[in-house]
Amino acid sequence: MAYTIRARRRVYEGIFQTLFNVKSSSPRFVHSCPAALIQNLLKFRRDKPTEQMERALDQCGLDLNDDLVLSVLRRHRSDWRPAHVFFNWASKTPGYRPSSDVCNEILDILGKTKRFQELHQVLDEMSKREGLIDEAIFGTLLRRFVGAHKVDEAIHLFHRRNEFGLELGSEAFRTLLMWLCRYKHVEDAEALFHGVMKKDLTFRPDIKTWNVILNGWCVLGNVHEAKRVWRDIVGSPCKPDVFTYGTFIKALTKKGKLGTALRLFRGMCDKGCKPDVVICNCIIDALCFKKRVPEALEVFREMGERGCEPNVGTYNTVIKCMCKIRRMEKVYELVGEMERRRGSCLPNDVTYCYLLKSLKEPGEVRGVLERMERNGCGMNDDVYNLVLRLYMKWDDEDGVRRTWEGMERSGWGPDRRSYTIMIHEHFEKGRVKDAMRYFGEMTSKGMVPEPRTEKLVSSMNIRVKGRTEKQEDLESCCLMGEELGFFQDIRKTVLMMKDIAVQLEKDNLSDEVKELEDAVIELVGLSELSVQFSSSVQAFANRYQPGEQFTNFNKIFEDELSKFRANQSSDLSKNSLIRQFKEAVWNVHHAGQPMPGEEQEDIVMTSTQSNILNVTCPLTGKPVTELVEPVRSMECRHIYEKKVIMQYLKSKQHHGQCPISGCPKILQADKLVQDPLLLIEIDEMRKMNKENDVEDYTMLDED
């Protein structure tokens, strides 16, 4: 046994002497990046027992310091076990005591990956050292508990601040409310706010605390409740400040109430509150979204006259609009202006993400990333995942490999988004085994898959296992998969035809453009017809029961089809694919101008609008993008979680009024189907939501 240990010791010493040019019997790191080598050491032993990983670390002879430990932990932001093992080993090493920054990092990693048992163990050890837990650590704990929807634990932790040597002040209370609102527990936050204000006279409501509650409802998209809180603020001793206006204006514009937002924007000065750059950016973005680009550019130019200098967010808003209408020469002109102005206008990762999204081929990526590096803008997880998605879309294996390795080296991933991209893109390209391999790797790291990924993997497992005793269910899944592929192919074809039409329009070949437009309308019409047939078949299959008498299948099917068509709009001009086609062609020569018949702002339809009628399930309250098994009513076209709506109808003797407020339709269980376009439309809405996330403008720091 002793011989084996000595032999292993000599092997390690030989390796480290070779790598680091060290000839001592107790090697020490002198390599330019020892954290990278520690990362590899842990990576290749990730599934080994903890004792074996610690013995390997012991053999390295590391000179530990906070910078090295932090660097190693940050390389494992998405892989909790190597980070936890390394932290515990470092904490036991003689001569080294982790600082607050190091402890904050490991708590953040454990909380992010929902390893709360290990987090409590680390927190208990930290509590033994007086003064170690500071405001940064406390903020991380609150964020991770609330992020895991452990609201009661977060509130209990807040009341324990005195145990950690921290004061129970207004700033800390606002931090708790902010994280509750950020993770959609706005009702809990407002109830806690009013409860504390009534019971504890040491907490006095100020405008900053009101702003947190108002912003919570706005981020949640509930303008009705936001208006109520706005009225409460106006009626209170606290007067709205620039952040209050900014938060409310942002919510109004996101709900399409641009007229009200503009009146509030123009009336701010009368109330003695001058709009800041955040509010101007919001108004510019809303005007661009409504295709009122000249007005948006006018606000952009007037900012300097109002003493409100534009910042990087202002430029990014205009650049996003220019990218959408493919005015790329204007985009790069604006980026050049940002680089010359520098300071608060220097391009950031969001700027370069817009440039990356506008690229057409893999060879252009390197140029954008090099420009990004020249301007001192570092890579982050958002940029890495965007580049990964682009390379996967282009099926560029070298680009995918370089990006994946870059994420691993930098510690920015791969995270759950990275694995989700790989799984779904491999599946779309027919590489089921590769998709399953990445899923296995993701779950082995303790990452929780998104609901849509779990559903996809479930369907892939059915395909891989082959024919089972549930033959009918399997054939149904395969048929659904084929239908999805068929409709995805149609959408890709229409988008390709759109690009061709744009080029023809630039060459003023209007006759050829009209032919393509007619072909798109015909193709979309056939797609709609296929949806009608598919939904009617599902509805018939849901309620058919064999009987003794002869069944006239043709008549039953025709009846179902007629009922479905009666509830469907026959106006193909409202179809989002056709609108995308027409808008792309229109923007070639009329960029920034509303299409004919859409000059009125309140009735403007856009190609980004979804065919989905309700954004949340009325029974669960979940966004439709998070539903595990969504179904759509053939009667009113509303969407629900299948298991919950079926329980609802069962309680109503299988017939009940649609739970959507104001909808008069009567639902039937057999008329709830998952039509072929539903999953595609939900996925498109999910992507659209990521591009239009509501930002948080509430400031917690003192002015």
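Just so it is clear, the model here is predicted, and its values are computed rather than measured. (Residues numbered from 1 in each chain as written. Predicted model: local features only at pLDDT ≥ 70, side-chain atom pairs only at ≥ 80, totals over all residues. Heavy atoms only, no water.)

Chemist: For this particular structure, what's the right way to read the overall build of the chain?
Modeler: Regarding its fold elements, the chain presents 32 helices and five strands. Counting over 703 residues, the chain shows a buried share of 49%. For the chain, contacts bridging at least 24 residues in sequence account for 63% of all contacts bridging at least 6. Total accessible area on the chain is roughly 36200 Å²; 51% of this is exposed by carbon and sulfur atoms. (Helix = DSSP H or I, 4+ residues; strand = E, 2+ residues; numbered from the N terminus. Buried < 20%, exposed > 50% of the residue type's maximum accessible area, 1.4 Å probe, protein only. Contact = heavy atoms within 4.5 Å. Areas by Shrake-Rupley, 256 points an atom, 1.4 Å probe, with all protein chains shown as cover.)

Chemist: What exactly am I supposed to notice about the sheet that holds strand β1 (residues 630–633) here?
Modeler: Adjacent strands of a sheet pair through backbone hydrogen bonds, lying either parallel or antiparallel. Taking strand neighbours across the sheet as the criterion, the three strands line up as β2-β1-β5 in an open arrangement whose pairing is antiparallel. At either end of the open sheet lies a strand with only one pairing partner, and these are β2 (639–641) and β5 (672–673). Note that β1 and β5 share two bridges and pair antiparallel. Bridge assignment links Arg 632 to a residue of β5, and that residue is Val 673. (Pairing = 2+ DSSP bridges.)

Chemist: For this particular structure, what's the right way to read the nonpolar core?
Modeler: The nonpolar side chains of a soluble globular protein tend to be buried with one another. Counting residues in each nonpolar core, the largest one holds 155 residues, and the members touching the most others are Leu 64, Leu 73, Phe 86, Ile 249, Leu 356 and Ile 423. Those residues in contact with Ile 423 that lie beyond four places of it in its chain are Ala 435, Tyr 438, Phe 439, Met 442, Thr 453, Leu 456, Val 457 and Met 460. Core analysis: the second largest hydrophobic core is formed by 20 residues, Val 631, Tyr 648, Cys 658 and Ile 660 among them. (Core = buried A, V, L, I, M, F, W, Y, C linked by side-chain atoms within 4.5 Å.)

Chemist: I'm lost on the pairing of β1 in this one. Help?
Modeler: Taken residue by residue, a regular strand's side chains alternate between the two faces of the sheet. Of the two faces of β1, the one lined by Pro 630 and Arg 632 and the one lined by Val 631 and Ser 633 are each fully buried. As paired elements, β1 and β2 share three bridges and run antiparallel to each other. Within β2, the residue paired with Arg 632 across the bridge is Ile 639.

Chemist: Please explain a positive patch on the surface as it appears in this structure.
Modeler: Taken together, the side chains of Lys 227, Arg 231, Lys 255 and Lys 257 make up a positively charged region of the molecular surface. With respect to the helices, strands and loops of the structure, Lys 257 is situated in the loop between α14 (242–254) and α15 (258–267). (Patch = residues over 30% accessible without salt bridge, like charges linked within 9 Å, V, L, I, M, F, W, Y side chains within 5 Å. Salt bridge = Lys/Arg side-chain N within 4 Å of Asp/Glu carboxyl O. Lys, Arg positive; Asp, Glu negative; His and termini not counted. Charge placed at Lys NZ, Arg CZ, Asp CG, Glu CD.)

Chemist: Please clarify how unusual backbone geometry should be interpreted in this entry.
Modeler: Peptide bonds are, in most cases, trans, and in most cases residues other than glycine have a negative phi. Positive phi is not limited to glycine here, since His 149 has a value of about 65°. Within the secondary structure, His 149 sits in the loop between α8 (135–147) and α9 (151–159). Among the residues examined, His 149 registers a relative accessible area of 51% and is labelled exposed. Phi angles above zero are rare outside glycine, and Lys 291 is one such case at about 65°. If you trace the backbone, Lys 291 turns up in the loop between α16 (277–289) and α17 (293–305). According to the relative accessible area criterion, Lys 291 is buried, its value standing at 18%.

Chemist: Would you explain helix α18 (residues 312–324) in this entry?
Modeler: Side chains three or four residues apart in an α-helix point the same way, a direct result of the helix having 3.6 residues per turn. Relative to the 18 Å expected for 13 residues at 1.5 Å per residue, α18 spans 18 Å between its end C-alpha atoms, a close match to the ideal helical length. For α18, the set of buried residues is Val 312, Thr 314, Tyr 315, Asn 316, Thr 317, Val 318, Ile 319, Lys 320, Cys 321, Met 322 and Cys 323. Elements that come into contact with the buried residues of α18 comprise α16, α17, α19 (328–341) and α20 (349–357). The N-cap of α18, judged by a side-chain oxygen 3.0 Å from the amide nitrogen of Gly 313 a few residues on, is Asn 311. A positive phi of about 60° marks Arg 326, the residue just after α18. (Expected span 1.5 Å × (residues − 1). Polar contact = N/O pair within 3.5 Å; in protein donor to acceptor, adjacent residues only side chain to side chain.)

Chemist: Would you explain the pattern of salt bridges in this entry?
Modeler: Side chains that differ in sign of charge can pair as their charged atoms come close. Under the definition given, this model contains 36 salt bridges. Two residues, Asp 108 and Arg 144, come together in a salt bridge whose shortest N-O distance is 2.8 Å. A residue pair is termed long-range when its members are at least 10 positions apart, and Asp 108 in helix α6 (residues 100–112) and Arg 144 in helix α8 qualify at 36 residues. The residue Glu 125 makes a salt bridge to Lys 128 at a minimum N-O spacing of 3.1 Å. With relative accessibility at 48%, the residue Glu 125 sits in the partly exposed group. Salt bridges sharing common partners tie together Glu 190, Glu 225, Arg 228 and Asp 232.

Chemist: Can you help me understand the packing of helix α12 (residues 207–220) against helix α13 (residues 223–234) in this one?
Modeler: Geometrically, a packed helix pair is captured by the angle between its two axes and the distance between the axes. Viewed as axis vectors pointing N to C, α12 and α13 meet at an angle of 165°, and their least axial separation amounts to 8 Å. One finds that α12 runs roughly antiparallel with respect to α13. Our pair here, α12 against α13, has a crossing hand that is left-handed. Judged by residue contacts, Ile 207, Trp 210, Ile 213, Leu 214, Trp 217 and Cys 218 of α12 engage Glu 225, Ala 226, Arg 228, Val 229, Trp 230, Asp 232 and Ile 233 from α13. For the contact of α12 with α13, the residue count by class is ten nonpolar, no polar and three charged. (Axes fitted to C-alpha atoms, helices over the stretch in contact; angles between N-to-C directions. Parallel < 35°, antiparallel > 145°, perpendicular 65-115°, else oblique. Left-handed = near helix turned anticlockwise from the far one by under 90°. Nonpolar A, V, L, I, M, F, W, Y, C, P; charged D, E, K, R; others polar.)

Chemist: How should the packing of helix α10 (residues 170–182) against α12 be read in this particular structure?
Modeler: Between α10 and α12, the least distance of the axes is 9 Å, while the angle of their chain directions is 5°. With respect to α12, the axis of α10 lies roughly parallel. For the pair formed by α10 and α12, the contact residues are Arg 174, Leu 177, Met 178 and Cys 181 on the first element and Lys 208, Thr 209, Val 212, Ile 213 and Gly 216 on the second. Residue composition of the contact of α10 with α12, by class: five nonpolar, two polar and two charged.

Chemist: How should the packing of aromatic side chains be read in this particular structure?
Modeler: For any pair of aromatic rings, the description consists of the separation of the ring centres together with the inter-plane angle of the planes. A full pass over the atoms with the stated rule returns 13 aromatic pairs. When the ring of Tyr 419 is compared with that of Tyr 438, the centres are 6.4 Å apart and the planes differ by 55°; the resulting orientation is tilted. Separated by 19 residues along the polypeptide, Tyr 419 in helix α24 (residues 416–428) and Tyr 438 in helix α25 (residues 432–444) bring together distant segments of the chain. In this pair, the class of Tyr 419 matches that of Tyr 438, namely buried. Here the aromatic cluster, defined as three or more aromatic residues joined through ring pairs, consists of Trp 230, Tyr 245 and Phe 248. Directly above the aromatic system of Trp 412 lies the positively charged group of Arg 77, at a separation of 4.4 Å from the ring centroid. In this arrangement the basic side chain of Arg 437 is found over the ring face of Tyr 438, its NZ or CZ atom lying 4.6 Å from the centre. (Phe/Tyr/Trp six-rings, centres within 6.5 Å; stacked < 30°, edge-to-face > 60°. Lys NZ or Arg CZ within 6 Å of the ring centre and 35° of its normal.)

Chemist: Looking at this model, I keep getting lost on the environment of Asn 316. Mind explaining?
Modeler: Relative to the helices and strands, Asn 316 is located in helix α18. Taking the C-alpha atoms as reference points, Asn 316 and Cys 353, separated by 37 residues in sequence, lie 10.0 Å from one another. Each residue touching Asn 316, except ones within four places of it in the same chain, is listed here: Met 338, Asn 348, Val 350, Thr 351 and Tyr 354. A polar atom in the side chain of Asn 316 sits 2.5 Å from the side chain of Thr 351.

Chemist: Is there a simple way to explain α19 in this structure?
Modeler: For α19, which comprises 14 residues, the first-to-last C-alpha distance of 20 Å matches the rise-based estimate of 20 Å (1.5 Å per residue) to within 8%. Along α19, the residues classified as buried are Met 328, Val 331, Leu 334, Val 335, Gly 336, Met 338 and Glu 339. Each element contacted by the buried residues of α19 is listed here: α18, α20 and α21 (365–374).

Chemist: Just to check I follow, could you spell out the environment of Ile 207 for this structure?
Modeler: In this structure, Ile 207 sits in helix α12. For the pair Ile 207 and Pro 240, spaced 33 residues apart in sequence, the C-alpha to C-alpha distance is 6.8 Å. Filtering out sequence-adjacent residues up to four positions away, Ile 207 remains in contact with Ile 233, Cys 238, Lys 239, Pro 240, Asp 241 and Thr 244.

Chemist: Looking at this structure, I do not really get the environment of Phe 87. What am I missing?
Modeler: Along the chain, the position of Phe 87 falls in helix α5 (residues 80–92). Residue class for Phe 87 comes out buried when judged on its relative accessible area of 6%. A C-alpha to C-alpha distance of 9.2 Å links Phe 87 and Val 72, two positions 15 residues apart in sequence.

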